[in-house]
Each structure stands twice: as C-alpha cells, then as structure tokens.
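So the chains spell out like this:
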Amino acid sequence: MKRILIIRLSAIGDVVFASPIIEALRRTHPDAHIAWLAEPAVADLLRHHPMLDEVIVWPKGEWKRLWRARAWRELAHRVRALVRELRQRRFDTVLDLQGLLKSGVWAWLSGAHRRVGLGSREGSQLLMTETLPRGGDPARRNPSLDFALRVSPGGDPTTLPASLFMSSEYRFLAEHLGLDTGDFRPTIHVDDATRASVDALLVREGLDGPYAVIAPFTTRPQKHWFEDAWRELIPRLTRELGLPVVMLGGPDDREAADRIAAGLQMHDLAGRTTLLEAAEIIRRSRLLIGVDTGLTHMGTAFERPTVALFGSTCPYLATGSARTRVIYHALDCSPCRRRPSCGGAFTCMRGITCDEVLAAARATLQETPR
C-alpha cells in the first residue's frame, strides 16, 4: 500500500469516527501517500491533519446545481476533470468506508487495482475487489448486545462487546488490513487562522472563562432531546455548575435554536460559526452536552468532558476516554435507528432527565482537571 485513497464523503460524525484510520495507516505505512475524498461540508475537518497528504473534494452540491440547470456540457467537463485528477494520483488501494453506491463508483473510477469496501451495499459491492461486513457496527440487534445494554447501561467496558466501542467498525477494518491500531481514537486538527477567529468571537461574546457547550441538533427527530428539557438544563448549568452556556448547530437549526434560547441568558451561536470554529469552541470548552451528532463526538475527540445522549441510535457506549459519559436507556425497541415504532413519543429520549444529565456532567467534571 503505497498510494492510498480513503473515501468517506460525509457526514460530520462519521468522518470524526473514521479519522483514526489515518493514523493507523501512517503508523503501518509511514512512506505512503494518503489522500481522502470528501464532500465540501466535511473537508475542513480533514485539511489540517498532519498525517494526511491531501484532501480531494467532490463538489456534489455544485454538480447538483448544474444538473438542475441542465448544463450538461459543463457538468460532463467537471466529471471528467475529477476522474482525471483521481487517476493521475495512481492510487493502488482505495478504502471505501461509506459502502454506498456513490462512494463505490468513485472507488471504481479511481482506477485503483485494490478496492476494499466496508459494509458495501446498494450494488457498490460489485465495484469492489474485496468487501467485509461492518463487524463493529453496534446497530445490529443480537441477544448479547441486548444483554450487555441492560446489565451495563453506563457502558462498563468489562461487560460490553467490542462493537460498542467508539469507531469500532473502522477498527475492525483496520485490523482486517493488518494496521497498527494501538491508539485508535478520533482526532481533529484546527488551523491557526481558525484559532484567531475564535479568539475574537469569544471576546465579542464576553466569554473570558470556562463555559459549557450544548449540541442539541441533528438530522433526525428521534435522536433529539426535547426542547423543554434543554430549556430546563441551560439555566441549571449556569446556576449549579457556574458555567455560561454556548449553543452550537448549523444554519438549518436556527428556528429550533431560537425556540430553545428564547428568554434565557446564554450564547446562541447555532448557525453563526464555521464548522472548524465550532470545533475550536468545543476544544476550549469546560463541558459538552449533546445528542448523537458530529459536534458531540468532537468533544470526545478533543478529550473534553462530554455527556452524550443517545436514544434511537447507539453508536458507542464505551469511548476509551474517562471524560465521556454516555446516557442511553435501552428499551425493547432499542435501537430503532430510522424506523421508530413509538408513534413520535421518542420514549427513550424522554426518559433522560435533567437531573440525570447534570449528575453525569458533575461526575466527568470532577474527574477532569481544568
């Protein structure tokens, strides 16, 4: 493996989970050229990684606009240009970490003679030279998983199967490839310009001391904690833990952010930062509380005290970090993922109480020096 292309096009959390594969590859193949193909929304998370040689961007959104405008000639020109760019790199190995048809097509178009697909589906398996199942995927229901969740809801590593460790499916791939998986933890790297930008932002917000970050937003309603719960938690974080609260999210979260923040003393930055600025704000935080979303997983990557609230999904219960607490109420229907059967009650998330979250926050803060 001399020239390696990693394909994980999206999304933020998945890129964070997959990031340990970079260092595992570099430790095992120190002289290899390692590149990553990603969509623009997540490319910034990868650009400054010291062990990654380059990030190649697939401008999916621009191509969609050209398609809708029926600019066929320009679209064809851009497709040919990106395919030519990939083939000029002469990759010998492609790791398709996404396992979808769109990622499989790019793996095939790269011209690499070895194409390894992780959990390949939608026909992408036909474009790979080898495939393997997502051996670490905790979402697969099985009796041992159900038993472990009920015996050890707090995520005690001594009773949890390996599939419930953070980034387990990517570790499974790394082990299959014979990589050095000694320190297999997510990492994020931020550039100096972003740090300077956050310096100025925090001054404008009047934040000159420790603060807590909340990350309430994600793509599916069944993964959300309820807005009334956040509104109860925010003033208690300040009153009981002495931490002003910063809320982070994306531009699409503005309406919900306005509802949560209405009438509360807090710093609402949802949709008002870049992705890397949000990452840097998390890196400097004293505490992070969030749902199953990329920003929450950044807390663990940065080794910040983190409380992660899971319901319809269970991407991990053990993180390898004493600074992260996972709250997950395993019900008979857990984890339902994209097919909730509760009629919108989302009982697994409603069962998480403000007192429970604060207790977990206090516990991780007590074990983490300032």
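Refer to the structure printed above.
A brief structural summary. What you see is a predicted model, and the numbers here were worked out from it, not measured in a lab.

### Observations concerning the overall build of the chain
Alright, step 1. If you tally the helices and strands in the chain, you get 15 helices and 12 strands.
Alright, step 2. Taken over C-alpha atoms, the radius of gyration comes to 21 Å for the chain, in line with the 21 Å a tight globule of 370 residues would show.
Alright, step 3. Seen through its C-alpha atoms, the chain measures out along the principal axes to roughly 60 × 50 × 40 Å.
Alright, step 4. Long-range pairs, those at least 24 residues apart, make up 62% of the contacts in the chain with a sequence separation of at least 6.

### Re helix α15 (residues 354–366)
Alright, step 1. With 13 residues, α15 extends 18 Å from end C-alpha to end C-alpha; this agrees with the ideal 18 Å at 1.5 Å per step.
Alright, step 2. For α15, the complete set of buried residues consists of Cys354, Val357, Leu358, Ala360, Ala361, Thr364 and Leu365. Down the axis of α15, the buried set is contained in an arc of 160 degrees. They therefore lie on one face.
Alright, step 3. Tucked into the core, α15 has its buried residues touching α10 (227–241), β10 (287–291), β11 (306–310) and β12 (324–328).

### Looking at the environment of Ala24
Alright, step 1. Mapping Ala24 onto the fold places it in helix α2 (residues 20–28).
Alright, step 2. Put simply, Ala24 and Met51 are 27 residues apart on the chain and 9.9 Å apart in space, counted from C-alpha to C-alpha.
Alright, step 3. Filtering out sequence-adjacent residues up to four positions away, Ala24 remains in contact with Leu179, Asp180 and Phe184.

### Comments concerning the environment of Gly61
Alright, step 1. Take Gly61: it is sitting in helix α4 (residues 60–68).
Alright, step 2. Spatially, the C-alpha atoms of Gly61 and Pro40 are 8.5 Å apart, while their sequence positions differ by 21 residues.

### Description of the sheet that holds β11
Alright, step 1. Spatial strand order, β9-β8-β7-β10-β11-β12: 6 strands in an open sheet with parallel pairing. Each end of this open sheet is capped by a strand with a single partner; those strands are β9 (267–268) and β12.
Alright, step 2. On the sheet, α15 packs against β10, β11 and β12 and is oriented at approximately 160 degrees with respect to β12.

### Some remarks on the pattern of salt bridges
Alright, step 1. One pass over the structure, following the stated rule, counts 32 salt bridges.
Alright, step 2. For the salt bridge of Lys60 with Glu39, the shortest nitrogen-to-oxygen distance reads 3.9 Å. Of this pair, Lys60 sits in helix α4 while Glu39 sits in the loop between β2 (33–38) and α3 (40–43); the two residues are 21 residues apart in sequence, bridging distant segments of the chain.
Alright, step 3. The class for Lys60 is partly exposed, based on a relative accessible area of 22%.
Alright, step 4. A residue is classified by how much of its surface remains accessible, and Glu39, at 12% relative accessible area, is buried.
Alright, step 5. In this structure, Arg259 engages Glu227 in a salt bridge whose closest nitrogen and oxygen atoms are separated by 2.7 Å. On the criterion of sequence distance, the pair formed by Arg259 in helix α11 (residues 254–261) and Glu227 in helix α10 is long-range, its members being 32 residues apart.
Alright, step 6. Since its relative accessible area comes to 41%, Arg259 is described here as partly exposed.
Alright, step 7. One continuous salt-bridge network, built from bridges that share partners, spans Glu232, Arg236, Arg239, Glu240, Asp355 and Arg362.

Basis of the calculations
Residues numbered from 1 in each chain as written. Predicted model: local features only at pLDDT ≥ 70, side-chain atom pairs only at ≥ 80, totals over all residues. Heavy atoms only, no water. Helix = DSSP H or I, 4+ residues; strand = E, 2+ residues; numbered from the N terminus. Rg over C-alpha atoms; globule rule 2.2 N^0.38 Å. Contact = heavy atoms within 4.5 Å. Expected span 1.5 Å × (residues − 1). Buried < 20%, exposed > 50% of the residue type's maximum accessible area, 1.4 Å probe, protein only. Arc of directions from axis to C-beta. Pairing = 2+ DSSP bridges. Axes fitted to C-alpha atoms, helices over the stretch in contact; angles between N-to-C directions. Salt bridge = Lys/Arg side-chain N within 4 Å of Asp/Glu carboxyl O.

Function cannot be inferred from these measures alone, as they are strictly geometric.
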